[in-house]
Number of protein chains: 2
Amino acid sequence: MTALEDRSVRPEVTTGPIRGSHKVYLDGPDDLRVPVRRVELSTGEHHDVYDTSGPYTDADATIDVRAGLPALRAPWIAAREPVDGAATQLAWARAGVVTPEMRFIAIREGVDAELVRSEVARGRAVIPANRCHPEAEPMIIGKSFLVKINANLGNSAVTSSIEEEVEKMVWATRWGADTVMDLSTGRNIHETREWILRNSPVPIGTVPIYQALEKVDGDPAKLSWEVYRDTVIEQCEQGVDYMTVHAGVLLRYVPLTAKRVTGIVSRGGSIMAAWCLAHHRESFLYTRFEELCEILRAYDVTFSLGDGLRPGSIADANDEAQLAELRTLGELTAIARARDVQVMIEGPGHVPLHKIAENVRLEEEWCGEAPFYTLGPLATDIAPGYDHITSAIGAATIAARGTAMLCYVTPKEHLGLPDRDDVKTGVITYKIAAHAADLAKEHPRAQARDDALSAARFEFRWLDQFHLSLDPDTALSFHDETLPAEPAKTAHFCSMCGPKFCSMRITQDVREYAEAHGLTSVEAIEAGMSEKAEEFTSSGGRVQLPIVNG
Amino acid sequence: MTALEDRSVRPEVTTGPIRGSHKVYLDGPDDLRVPVRRVELSTGEHHDVYDTSGPYTDADATIDVRAGLPALRAPWIAAREPVDGAATQLAWARAGVVTPEMRFIAIREGVDAELVRSEVARGRAVIPANRCHPEAEPMIIGKSFLVKINANLGNSAVTSSIEEEVEKMVWATRWGADTVMDLSTGRNIHETREWILRNSPVPIGTVPIYQALEKVDGDPAKLSWEVYRDTVIEQCEQGVDYMTVHAGVLLRYVPLTAKRVTGIVSRGGSIMAAWCLAHHRESFLYTRFEELCEILRAYDVTFSLGDGLRPGSIADANDEAQLAELRTLGELTAIARARDVQVMIEGPGHVPLHKIAENVRLEEEWCGEAPFYTLGPLATDIAPGYDHITSAIGAATIAARGTAMLCYVTPKEHLGLPDRDDVKTGVITYKIAAHAADLAKEHPRAQARDDALSAARFEFRWLDQFHLSLDPDTALSFHDETLPAEPAKTAHFCSMCGPKFCSMRITQDVREYAEAHGLTSVEAIEAGMSEKAEEFTSSGGRVQLPIVNG
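Residues numbered from 1 in each chain as written. Chains lettered and ligands numbered in written order. Predicted model: local features only at pLDDT ≥ 70, side-chain atom pairs only at ≥ 80, totals over all residues. Heavy atoms only, no water.

Asker: Would you mind going over the overall build of chain A with me for this structure?
Answerer: Secondary structure assignment for chain A yields 20 helices and 13 strands. Here chain A, with 550 residues, has 69% of them falling under the buried criterion. Taking contacts inside chain A between residues at least 6 apart in sequence as the whole, the part at least 24 apart equals 73%. Put simply, chain A shows about 16800 Å² of open surface, and 50% of that area lies on carbon and sulfur atoms. (Helix = DSSP H or I, 4+ residues; strand = E, 2+ residues; numbered from the N terminus. Buried < 20%, exposed > 50% of the residue type's maximum accessible area, 1.4 Å probe, protein only. Contact = heavy atoms within 4.5 Å. Areas by Shrake-Rupley, 256 points an atom, 1.4 Å probe, with all protein chains shown as cover.)

Have a look at this one:
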């Protein structure tokens, strides 16, 4: 009996629209329906935002986690033909074919479909879309597009259940996770992953070596190519869209970590290092990489080449071990691409701000501009409990330089396992980092949301401001702590200034006057202002000053 | 009856050492005693960190808020002579005099006293130290030194009391605030400030126009040079160390804000704009600036030239209004320095990452490298409720470029008034941003703490890791949520890996072996490892994999 047939398991998941918005589908060619989250404004206008939440936020959708989500991509997958034996987005892109996924993504990103195809063709962007995961809504990871974020989930040995993991996935995508990595271990790995895949609107990533290790009772030395290969095939068949493979951990690199402050901190990396030491040979991930490519190509699963030797502290950043592995990942990228398999490259970790640019430069140079996918990096080691913040600083910086996807870090990093609130905090924090980078890259769509929210703030449209924010619930609750009254949300003042006067109100007066009189020269505006000033003077405003800002 | 004589007012403040550390005083020349917070490690070593908390964290100190703190600087102030009529740190520095404050700071920063003197002499650093505030421990603000942070406090119209404000000041400095701005308004401004000054171990800043406005019933048009002058003198006499003066808001600049998305968002800026419009003249802050310099010089109060026209949104960053005012601040800086008055320059606000470098470049070029003191800046507008994070991203970035002090932003920014928890969150978040910048600037002392904490993490010295962190209480509580047992804090495993094996443990094995055999060449290390590997294999470790990291 599969998990989906087990009636006793019936996860409760969060459904319904996010406050102040509702799901809308944009129509595209070939009956494409591209979801966006539409924020209706009090001005009568609306603002559409990129939406990762799937049918769960669609008030009209019927959610049955036993049935799973509709197989959105099934007809596309059934209809098309391989190119020279390869049925991958890379193969089609190279052949000049614009797939339905590419058209879907073009609408979603607000760019031309040809840009999507050409970026995929040159390997600078990837579309993680296993043909066995038709439920996922197509998305793209590449420096020419919106910066994406990943949320890590997975039941650890004893702490959580299948139901909790499905809800965590739904919860993470509700707040903006573009992909989810299922790092489940211990009991029910296969079953948990099945539930997540069948119900996930976003691509799912895994680290197959984790499950393979379970199969050999947790002893790295007992791992073998056969056990690993069978595990990869099992996961490909289930629909995993991208897999982290630590194939760059070579035997001769392991000693380079001996003098580090924090040695090897990647679990995958340490597992492979343990195997290399146990057998005193190069790992099967490296020696059997071509065979691995053949398997992933058959399903169009994307490689996420893992940085098993990434630095785990500021002291170890950009060191010989890290960079030696990165060079090897570049060689493996070329091998995979030659077989039409999509590739992205994982990055650190812990890196001080002045060493971040070099990480991006070398990754692009050595790995043929494959999309960079980094964990943070943390810009300092000294704030356990706040590593979502230490890493968001590094993440925004590295994404502004061209990193395509950011793996989130929660407040529990280094200390424990994230709960539901930690997952939301991690996702929102990383949406901030990704958006700050989109602004820095001057993505055509990025600033529109800032401008809409700031205009609402300036015009005292409080609810519009909250609804346009990344977390309307939190913004509203913070505001209500000071001014709970409903009228306060429409009044022309804020909790920090009095009702008759505030810093924004006076400039609003200035602007309205200037506009009303169609003033053009500074002199004319000043003249007008002296009049306006008398009105203001006679109104005798009262200032109550804030304790924030100068 | 003054506040200090009023026995009915007796604030309760937080005292006692921060977990895992205790106060130590380093002896210097001339009986200098420089406070540091000493973290005792389980290895028998200790790590000293910069300490802003004053006597409140000294277990041996007797705290009586009615008596105030000891007048640390009184004998130095009594002993010295003016230079050409000027008794300011700038005047002495220019005359080649190394003051006791400079010697104190040199020990505190771990640099040569001559560097302190020369940086002050060229105006690239300031020492805010009003001769009427002898209780404060000397500190320096300049790009050649550790990045500093400011916390804004102040009772607003109805929400808080004197007792609460004194405790908030103590609370903010406990967690690392280098200066505190008292932005109190409404009732008891003078009395509240008196309590804060007499009990503050850090320099206190104010925005005098706020109190002046109270004196004219909150009507900007009724403000006058006389009312403002008297207010400044009153505050100088009380001991305010630096004052925000929005003297760069010129009448002709006001119209430049008319087309902005968010107009004028600085309260001081909007007050002066209102005055300029009401009188259709340049403000008295600008026309009487020389007289203002004479007053501040008499007390060695430092100017913090305010950016009244700073951008309040991404859309308005680096615009004509902002830059026009910055040029004027540069002119005013020269006027003040000619009179031996110290100056720093306030900066934005809201700036996208790609426009931050230009802010620092222009400020240094136009304002003679005066220390830059910025509010954030926020790197995006779309996350109300998380603006401590949006601004920490901008703050770390601008500080890495040379900004000397960062004004914190709390989660309540734009929404309401920060409570005690918000103040702590704001301070810790900004310590992270400041430290990330210190690392990027390769400050000699910055990385030592990261290395000490990472070594503790790698060696499973859990309590050492927590005690070396910015917030030991939070790190410990997060850890205990997963592994409450006391032994877990000394055990060689973490909540994310099993007891026999984890990614750090294996590299620790590798390192120990390499060190034990004094191996030098990669071959030798590999040879050694194959042995070590057998030991490892026979030990049959068990991995329980984490749900964080790849």
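Asker: How should the state of the cysteines be read in this particular structure?
Answerer: What makes a disulfide is a covalent bond joining the sulfur atoms belonging to two cysteines. Tallied over the full model, the rule gives 0 disulfides over all chains. Take Cys132 of chain A: it sits in no disulfide, and the sulfur closest to it among the cysteines is that of Cys236 of chain A, at 8.0 Å. (Disulfide = S-S within 2.5 Å.)

Asker: Looking at this structure, how should I read unusual backbone geometry?
Answerer: The phi angle of most residues is negative, glycine excepted, and most peptide bonds adopt the trans form. Along the chain, Gly376 of chain A connects to Pro377 of chain A via a cis peptide bond; the corresponding omega equals 5°. Locating Pro377 of chain A in the fold gives a position in the loop between β12 (372-375) and α14 (387-400).

Asker: Looking at this structure, how should I read the packing of aromatic side chains?
Answerer: The geometry of an aromatic ring pair comes down to the distance between the two centres and the angle between the two planes. Residues and elements named next belong to chain B. The final tally for this structure, using the stated rule, is 14 aromatic pairs over all chains. Ring geometry for Trp275 and Phe284: centres 5.2 Å apart, planes at 85°, overall edge-to-face. Residue classification places Trp275 among the buried residues on the basis of a relative accessible area of 3%. On the basis of relative accessible area, Phe284 is assigned to the buried category, the value being 4%. (Phe/Tyr/Trp six-rings, centres within 6.5 Å; stacked < 30°, edge-to-face > 60°.)

Asker: Help me understand the packing of helix α11 (residues 289-299) of chain B against helix α12 (residues 320-338) of chain B in this model?
Answerer: Working note: a packed helix pair is described by the angle between its axes plus the distance between those axes. Residues and elements named next belong to chain B. Between α11 and α12, the least distance of the axes is 9 Å, while the angle of their chain directions is 45°. With respect to α12, the element α11 is oriented oblique. The interaxial crossing formed by α11 with α12 has right-handed handedness. Listed contacts from α12 to Phe289, Glu290 and Cys293 of α11 are Leu332, Ile335 and Ala336. Split into classes, the residues belonging to the contact of α11 with α12 amount to 5 nonpolar, no polar and 1 charged. (Axes fitted to C-alpha atoms, helices over the stretch in contact; angles between N-to-C directions. Parallel < 35°, antiparallel > 145°, perpendicular 65-115°, else oblique. Left-handed = near helix turned anticlockwise from the far one by under 90°. Nonpolar A, V, L, I, M, F, W, Y, C, P; charged D, E, K, R; others polar.)

Asker: Could you clarify how one ought to interpret helix α5 (residues 162-175) of chain A in this entry?
Answerer: Helical periodicity: at 3.6 residues per turn, an α-helix aligns residues three or four positions apart in one direction. Residue and element names in this part refer to chain A. The end-to-end C-alpha distance of α5, which contains 14 residues, comes to 20 Å, matching closely the 20 Å that a straight helix rising 1.5 Å per residue would cover. Most of α5 sits out of view: 12 of its 14 residues are buried. What α5 keeps buried is the set Ile162, Glu165, Val166, Glu167, Lys168, Met169, Val170, Trp171, Ala172, Thr173, Arg174 and Trp175. Buried positions along α5 lie against β6 (148-153), β7 (179-182), α6 (189-199), α15 (420-440) and α18 (472-482). Count one or two residues on from α5 and you reach Gly176, which has phi positive near 130°. (Expected span 1.5 Å × (residues − 1).)

Asker: Looking at this model, I keep getting lost on the confidence of the model for chain A. Mind explaining?
Answerer: Detailed reading of the predicted coordinates is not advisable wherever pLDDT falls low. Residues and elements named next belong to chain A. Residues with a pLDDT of 70 or more make up 85% of chain A, whose mean pLDDT is 88. Taken as a whole, residues 517-550 scores under 50 in pLDDT and shows 90 contacts with residues more than four places along the chain or in a different chain. Complex prediction metrics read pTM 0.92 and ipTM 0.91. (pLDDT = per-residue confidence, 0-100.)

Asker: What is the right way to look at the UniProt feature "binding site: Zn(2+)" (unreviewed entry) in chain A in this model?
Answerer: Within the UniProt annotation, "binding site: Zn(2+)" (unreviewed entry) is assigned to His350 and His414 of chain A. What stands out for the annotated residues spanning 65 residues is how close their C-alpha atoms remain, the widest pair being 12.3 Å apart. Relative to the elements of secondary structure, His350 of chain A occurs in the loop between β11 (343-347) and α13 (356-366). With residues near it in sequence (within four places) discarded, His350 of chain A still touches Pro311, Gly312, Ser313, Ile314, Ala317, Pro377, Leu378, Asp381 and His414 of chain A together with Arg457 of chain B. Locating His414 of chain A in the fold gives a position in the loop between β13 (405-407) and α15. Side-chain polar atoms of His414 of chain A contact the side chain of His350 of chain A, separated by 3.5 Å. (UniProt positions renumbered as here; feature names shortened; annotations may be inferred. Polar contact = N/O pair within 3.5 Å; in protein donor to acceptor, adjacent residues only side chain to side chain.)

Asker: Please clarify how the nonpolar core should be interpreted in this entry.
Answerer: A general trend in soluble globular proteins is that nonpolar side chains are found buried together. Tyr228, Phe303 and Leu406 of chain A together with Tyr228, Leu296, Phe303 and Leu406 of chain B are the most contacted members of the largest nonpolar core, which totals 242 residues. Sequence-distant contacts of Tyr228 of chain B, that is, excluding residues within four places in its chain, are made with Pro208, Ile209, Ala212, Thr244, Val245, Phe284, Leu285 and Leu292 of chain B. Met102, Val120, Ala121 and Ala129 of chain A belong to the second-largest nonpolar core, a separate cluster that totals 13 residues. (Core = buried A, V, L, I, M, F, W, Y, C linked by side-chain atoms within 4.5 Å.)

Asker: When you look at the side chain of Ser200 of chain B in this model, what are you seeing that I'm missing?
Answerer: Residue and element names in this part refer to chain B. As for its placement among the helices and strands, Ser200 is situated in the loop between α6 (189-199) and β8 (204-206). For Ser200, a relative accessible area of 0% puts it in the buried group. Within the structure, Ser200 has its side chain in polar contact with the backbone oxygen of Val202 (distance 2.7 Å).

Asker: How should I be thinking about the pairing of strand β11 (residues 343-347) of chain B in this particular structure?
Answerer: The side chains of a regular strand alternate between both faces of the sheet. All names here are of chain B. Among the 5 residues in β11, 5 count as buried, and that is most of the element. Alternating positions in β11 separate into two faces, Val343, Ile345 and Gly347 on one and Met344 and Glu346 on the other, with burial throughout. Relative to β11, strand β10 (residues 302-305) is paired through 3 bridges, and the arrangement is parallel. When the sheet's bridge partners are listed, Phe303 is paired in β11 with Val343. Following the chain from β10 across α12 to the adjacent parallel β11, one finds a crossover that is right-handed. Strand direction decides the pairing type here: β11 and strand β12 (residues 372-375), joined by 3 bridges, are parallel. Pairing of Gly347 across the sheet is with Thr374, part of β12. (Pairing = 2+ DSSP bridges. Right-handed = clockwise from strand over helix to strand, strands pointing away.)

Asker: Looking at this structure, how should I read the environment of Arg19 of chain B?
Answerer: All names here are of chain B. For Arg19, the position within the fold is in the segment before β1 (21-27). As a C-alpha pair, Arg19 and Thr429 span 410 residues in sequence and 19 Å in three-dimensional space. Excluding residues within four positions of it along the chain, Arg19 makes contact with His467, Pro472, Asp473 and Leu476. A distance of 2.8 Å separates the side chain of Arg19 from the side chain of Asp473, its partner in a polar contact.

Asker: Teacher, can you tell me more about the pattern of salt bridges here?
Answerer: Side chains that differ in charge, positive against negative, can pair when their charged atoms come close. According to the stated counting rule, one finds 68 salt bridges over all chains in the structure shown. Note that Lys143 of chain B and Glu364 of chain B form a salt bridge whose closest N and O atoms lie 2.8 Å from each other. Of this pair, Lys143 of chain B sits in the loop between β5 (141-142) and β6 (148-153) while Glu364 of chain B sits in helix α13 (residues 356-366), placing them 221 residues apart in sequence. Arg198 of chain B serves as the salt-bridge partner of Glu194 of chain B, at 3.2 Å between the closest nitrogen and oxygen. Of this pair, Glu194 of chain B and Arg198 of chain B both sit in helix α6, 4 residues apart, which is roughly one turn of the helix. The exposure classification of Glu194 of chain B matches that of Arg198 of chain B, with both residues buried. Salt bridges here are not isolated pairs; linked through shared partners, they connect Glu119, Arg122, Arg124 and Glu369 of chain A. (Salt bridge = Lys/Arg side-chain N within 4 Å of Asp/Glu carboxyl O.)

Asker: Which parts of the structure should I look at to understand the sheet that holds strand β3 (residues 46-50) of chain A?
Answerer: The strands that make up a sheet pair up through hydrogen bonds in the backbone, lying either parallel or antiparallel. Residue and element names in this part refer to chain A. The 3 strands lie next to each other as β1-β2-β3, forming an open sheet whose pairing is antiparallel. Looking along the sheet, the strands with just one partner apiece sit at the ends: β1 (21-27) and β3. This sheet shows a mean twist of 40° between the axes of neighbouring strands, independent of strand direction. Against the sheet, helix α3 (residues 100-109) makes contact with β1, β2 (33-40) and β3, and its axis sits at roughly 15° relative to β2, the strand it touches most.

Asker: When you look at the sheet that holds β6 of chain A in this model, what are you seeing that I'm missing?
Answerer: Residue and element names in this part refer to chain A. Read once around its circumference, the closed barrel built from 8 strands follows the order β6-β7-β8-β9-β10-β11-β12-β13, with strand pairing classed as parallel. In this sheet, neighbouring strand axes are inclined to one another by 25° on average, regardless of whether the strands run parallel or antiparallel. Relative to strand β9 (residues 242-245), strand β8 (residues 204-206) is paired through 2 bridges, and the arrangement is parallel. Along β9, the bridge assignment pairs Thr206 with Met243.

Asker: Would you mind going over the environment of Glu442 of chain A with me for this structure?
Answerer: Within the element layout of this structure, Glu442 of chain A appears in the loop between α15 and α16 (446-458). Placed 325 residues apart in sequence, Glu442 of chain A and Arg117 of chain A show a C-alpha to C-alpha distance of 21 Å.

Asker: I'm lost on the pairing of strand β2 (residues 33-40) of chain B in this one. Help?
Answerer: All names here are of chain B. Along β2, 6 of the 8 residues are buried, which leaves the element largely enclosed by surrounding structure. Relative to β2, β1 is paired through 7 bridges, and the arrangement is antiparallel. Counted as the bridge partner of His22 is Arg38 from β2. The turn linking β1 back onto β2 is made up of 5 residues, and Asp30 within it adopts a positive phi angle of 55°. Taking the residues that link successive antiparallel strands as the turn, the β2-strand β3 (residues 46-50) hairpin has 5 residues, and the phi of Gly44 there is positive, at about 95°.

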